[in-house]
Amino acid sequence: ACGADMSLPKNKKNKPIQQAIKTRHVECLKILLAKSSRSTSETKDFTPIMIAINNFQPDAVPILLEAGEDPSVFTPQNILIFFYFNKCALGLACFQQQVGVVQALCDKMSNIDLPFGYQDQGAVHWICSSHNPEIARIILSKGGVDVNRLDKEGRMGPYYMLDVGKEEENIEVLELLF
């Protein structure tokens, strides 16, 4: 080994972990994660797990979870993404209907929802944004979901199902929530 240092600014600038995820280089990703510091976030807007989800790279998610990436991290409001379900990996996976990723994240998370009384989009909003009964069942099975949570605009989760998705799936999700 020659001693390449992932923490050097010139190496971080090239975002090697992000590049390995985007280009599906699983073995490179494993090596980079093994040789990097515990905090592998290369951008303030996305965690490595969120990058994998956003780039439809579900195979990278278990590798990132095994390397110690925290699936419950919330990032600041991201202006690059149209919806703000994307402040965390679970919200993004729900919005993109990545059922396997939702399951993997939920398996690693002890608390699925935001703390009670916190007014922002939480698990109920993510469930409703998915329009997917299977995702709803996965998340609700963890317990602790505040189905009455309001977001910053005072909207309940079902608001995000209006005029979107297949009616029969939306009805099934609503029946699971109520």
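These numbers were taken from a predicted model, which means no experiment stands behind them. The residue numbering used here restarts from 1 in each chain and proceeds along that chain's sequence as written. The predicted origin of the model limits local features to residues at a pLDDT of at least 70 and limits the giving and counting of side-chain atom pairs to 80 or more, whereas totals for whole chains, interfaces and linings rest on all residues. In computing side-chain values, all of the structure's heavy atoms are included and hydrogens and water are not.

1. Observations concerning the overall build of the protein
Numbering goes from the N terminus for both helices and strands, where a helix is a DSSP run of H or I of at least four residues and a strand is a run of E of at least two. When helices and strands are counted, the protein shows ten helices and zero strands. The N-to-C order of helical and strand elements in the protein reads α-α-α-α-α-α-α-α-α-α. Accessibility here uses a 1.4 Å probe with only protein chains present; expressed as a share of the type maximum, an area under 20% marks a residue as buried, one over 50% as exposed, and anything in between as partly exposed. Out of the 178 residues in the protein, the part that is buried amounts to 48%. Any two residues having at least one pair of non-hydrogen atoms within 4.5 Å are treated as being in contact. Pairs at least 24 residues apart make up 65% of the contacts formed inside the protein by residues separated by at least 6 positions. Computed with a 1.4 Å probe, the accessible areas rest on the Shrake-Rupley method; for each residue, only the protein chains presented here act as cover. By element, 55% of the accessible surface of the protein is carried by carbon and sulfur atoms, the whole surface being about 9800 Å².

2. A word on the packing of aromatic side chains
In this analysis, rings of Phe, Tyr and Trp, with Trp reduced to its six-membered ring, are considered paired at centre separations within 6.5 Å, and the interplanar angle assigns stacked below 30 degrees, edge-to-face beyond 60, and tilted for intermediate values. Overall, the coordinates contain one aromatic pair when judged by the stated rule. Ring geometry for Tyr-159 against Tyr-160: centres 5.1 Å apart, planes inclined by 85°, an arrangement best described as edge-to-face.

3. Remarks on the side chain of Gln-57
Topologically, Gln-57 is positioned in the loop between α4 (48-54) and α5 (60-66). Exposure remark for Gln-57: the relative accessible area of 7% places this residue in the buried category.

4. Some thoughts on the environment of Gly-122
In this fold, Gly-122 is placed in the loop between α7 (99-108) and α8 (123-130). Between the C-alpha atoms of Gly-122 and Asp-146, which are 24 residues apart in sequence, the distance is 7.9 Å. With residues up to four places along the chain from it excluded, the contact list for Gly-122 reads Asp-113, Leu-114 and Arg-149.

5. So, the nonpolar core
Leu-29, Ile-53, Leu-90, Val-102, Leu-105 and Ile-139 are the most contacted members of the largest nonpolar core, which totals 45 residues. A per-element tally of this core places α7 first, with six residues. Once residues within four sequence positions are removed from consideration, Leu-29 is found in contact with Ile-17, Ala-20, Ile-21, Ala-60, Ile-63 and Leu-64. Residues enter a nonpolar core if they are buried and are Ala, Val, Leu, Ile, Met, Phe, Trp, Tyr or Cys, with the set joined through side-chain atoms within 4.5 Å.

6. Section: the environment of Lys-35
Mapped onto the elements of the fold, Lys-35 is located in helix α3 (residues 26-35). The class for Lys-35 is exposed, based on a relative accessible area of 63%. Considered as a pair, Lys-35 and Ala-4 are 31 residues apart in the sequence and their alpha carbons are 8.8 Å apart.

7. Comments concerning α3
Among the residues of α3, Leu-29, Leu-32 and Leu-33 are the ones counted as buried. Each buried residue of α3 sits inside an arc of 100° when the element is viewed along its axis, so together they form one side. Across from the buried face of α3, at angles greater than 90 degrees, the exposed residues are Glu-27, Ile-31, Ala-34 and Lys-35. Close packing links the buried residues of α3 with α2 (16-22) and α5. Here the arc refers to the directions that run from the helix axis out to each C-beta atom.

8. Some details on unusual backbone geometry
Phi is mostly negative for residues that are not glycine, and the peptide bonds are mostly trans. If you check the backbone angles, Gln-97 has positive phi at about 55° while not being a glycine. Summarising the element assignment, Gln-97 is placed in the loop between α6 (89-95) and α7. In this structure, His-131 takes a positive phi of about 55° despite not being glycine.

9. Regarding a nonpolar patch on the surface
Residues enter patches when they are more than 30% accessible in relative terms and free of salt bridges; like-charged ones are connected within 9 Å and nonpolar ones (Val, Leu, Ile, Met, Phe, Trp, Tyr) within 5 Å. In what follows, salt bridge is the name for a side-chain nitrogen of Lys or Arg lying within 4 Å of a carboxyl oxygen of Asp or Glu. On the surface, a cluster of nonpolar side chains totalling about 300 Å² of accessible area is made up of Leu-150, Met-156 and Phe-178. Look at Met-156 and you get partly exposed, because its relative accessible area is 31%.

10. Some points on the pattern of salt bridges
According to the stated counting rule, one finds three salt bridges in the structure shown. Salt-bridge contacts for Asp-120 lead to Lys-152; the nearest nitrogen and oxygen are separated by 3.9 Å. A residue pair is termed long-range when its members are at least 10 positions apart, and Asp-120 in the loop between α7 and α8 and Lys-152 in the loop between α9 (133-141) and α10 (167-177) qualify at 32 residues. Residue Arg-137 is joined to Glu-172 by a salt bridge in which the shortest nitrogen-to-oxygen separation is 2.9 Å. Placement of Arg-137 in helix α9 and of Glu-172 in helix α10 is noted, with a sequence separation of 35 residues between them. Here Arg-137 falls in the partly exposed class, since its relative accessible area comes to 42%.

Everything listed here is a matter of geometry and, on its own, says nothing about what the molecule does.
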